[in-house]
Amino acid sequence: MADRTPRLEIKNLVRRYDGRVVVDDVSLKVYPGQVTCLLGPSGCGKSTTLRMIAGVEMQDSGEIWVDGKLVCDTVTRVPPERRNIGLMFQDFALFPHLSVFENVGFGLGGDRAKRAARIREMLVRVGLARFETSLPHELSGGEQQRVALARALAPRPRIMLMDEPFSGLDNRLRDGIRDETLDILREEDAAVLLVTHEPDEAMRMADEIALMRAGQIVQQGAPYNIYNAPVDRDSVSFFSDINVIRGVVQGALTDTPFGQFLTPGVPDGQAVDIVIRPQHIKIDFDRQGRGPNPTPGDGTPALGVVQRARFMGSESLVEFKMAHDGSILRATVPNVFLPSEGQNLWLMIRRDRCFVFPARQGTSTA
Ligand SMILES: Nc1ncnc2c1ncn2[C@@H]1O[C@H](COP(=O)(O)OP(=O)(O)OP(=O)(O)O)[C@@H](O)[C@H]1O
Ligand SMILES: [Mg+2]
């Protein structure tokens, strides 16, 4: 992949509003047939980045390249309509007085027959051929979404920019449309840059995730790597609830109520946060005041009292008050097990599933 020319490449994009840097030196490559997700919390600069690529907004510095050709820096500027970029935004706004057929054909060039053929091809592809003459208000939300997708893809864009395109749909519908959309985009060999603030959506759709925070890309990689090798505590907590156990390093080890953790390469006296997701805490029964035996993989068990247990369907979420310091830890367990309030249980931390980061100054472990 490294020797292929990216379909889209942005280099060191910067955008300021009123002196405040909103997009801060963002660089990114997107390849044909690939979906890259810009994922990050509200306000981190995702939409602004997308608008600059689309050409509806100008960067303060940085470059945008398509197929190895410069389309925009602070001197050159190819206008939006000549960038061969398809757009699909959250408020995808179909024209209410135009039929589905006319909506998909909007902005499509070529002679009449070719145009009609392409429109029909796209409508078949999104499964809406029978709605050709319908007006948008006669369609469900999901169907309208598919019309918008057909419209965006009809001119065969080389790049597809999507900004939270599925956020208006209910969950069940969304999963189906996401998968269909992906299939179509791959068939069309478009390079896709998708913006979302939902980790689940990014994990489901992306070949590559660029995790964005405060205008910067803090980590980039395949979903598996981002989830399993996060660069910092915030990157873990963006994807799930977290538990944090704080300790101080002594001789490359950190002592905790859950036993010792290996913390190589961290100087003595440095405080560290040991971060663990709720689904990776192991729970075991109390045996007359004793827990299971310590193991190298799971360390030493620590006693917790169930504060609250909630049945969530596929799993249960259990909140523990720890006996050693009164701190709260959260664990998820398969739904067959729903402990009762006040029950004593023993918690263990899987060593291969926790992440160790230098403790942040002035932050609590909560
Ligand atoms: N035209 C503008 N003028 C001034 N500030 C703006 C403008 N557009 C965006 N901003 C600010 O820039 C920051 C980034 O906005 P942006 O829309 O890119 O965020 P986002 O990551 O897309 O967030 P969301 O997930 O909520 O859509 C925000 O703080 C926003 O208030
Ligand atoms: Mg946005």
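Residues numbered from 1 in each chain as written. Chains lettered and ligands numbered in written order. Predicted model: local features only at pLDDT ≥ 70, side-chain atom pairs only at ≥ 80, totals over all residues.

Asker: An account of helix 4 (residues 141-153) is requested, with residue identities and associated values reported.
Answerer: Over its 13 residues, helix 4 extends 18 Å from the first C-alpha to the last, a length consistent with the 18 Å expected when each residue adds 1.5 Å. Counting buried residues along helix 4, ten of its 13 residues qualify, which places the element largely inside the surrounding structure. The inward-facing, buried residues of helix 4 contact strand 6 (85-89), helix 2 (100-105), helix 3 (112-125), strand 7 (159-163) and helix 5 (171-187). (Helix = DSSP H or I, 4+ residues; strand = E, 2+ residues; numbered from the N terminus. Expected span 1.5 Å × (residues − 1). Buried ≥ 20, exposed ≤ 12 C-beta atoms within 10 Å, placed from the backbone. Contact = placed C-beta atoms within 7 Å.)

Asker: For the site of ligand 1, give the residues involved together with the corresponding values.
Answerer: In the vicinity of ligand 1, the residues found are Y17, V22, G40, S42, G43, C44, G45, K46, S47, T48 and H197. Here the shell around ligand 1 gets three residues from one element, more than from any other, and that element is helix 1 (residues 46-54). Broken down by class, the residue content of the shell around ligand 1 amounts to three nonpolar, seven polar and one charged. (Near = placed C-beta within 6 Å. Nonpolar A, V, L, I, M, F, W, Y, C, P; charged D, E, K, R; others polar.)

Asker: Would you mind going over the UniProt feature "domain: ABC transporter" (unreviewed entry) in the protein chain in detail, with residue names and values included?
Answerer: Under the UniProt annotation, "domain: ABC transporter" (unreviewed entry) lies at residues 8-239. What you have in residues 8-239 is 34% helix and 28% strand, and the ends, taken at the C-alpha atoms, are 27 Å apart. (UniProt positions renumbered as here; feature names shortened; annotations may be inferred.)

Asker: Could you give an account of the sheet that holds strand 7, naming the residues involved and the relevant values?
Answerer: In spatial order, the strands read 6-7-8-3-9-10; together these six strands make up an open sheet with mixed pairing. One side of each edge strand has no neighbouring strand; the edge strands of this open sheet are strand 6 and strand 10 (216-221). Averaged over all neighbouring strand pairs, the angle between strand axes comes to 15 degrees, with direction disregarded. Both strand 7 and strand 8 (residues 191-196) contribute to a ladder of five bridges, which runs parallel. The partner of M162 across the bridge, within strand 8, is L194. (Pairing = 2+ DSSP bridges. Axes fitted to C-alpha atoms, helices over the stretch in contact; angles between N-to-C directions.)

Asker: Summarise the domain arrangement of the protein chain; cite the residues concerned and give the values.
Answerer: Along its sequence, the protein chain is organised into domain 1 (8-237) and domain 2 (240-358). For domain 1 and domain 2, the distance between their C-alpha centres works out to 40 Å. Across the boundary between the two partners, domain 1 contributes five residues, which contact five residues of domain 2. Counted by class, the side of domain 1 that touches domain 2 contains two nonpolar, one polar and two charged residues. (Domains from an automatic or database assignment.)

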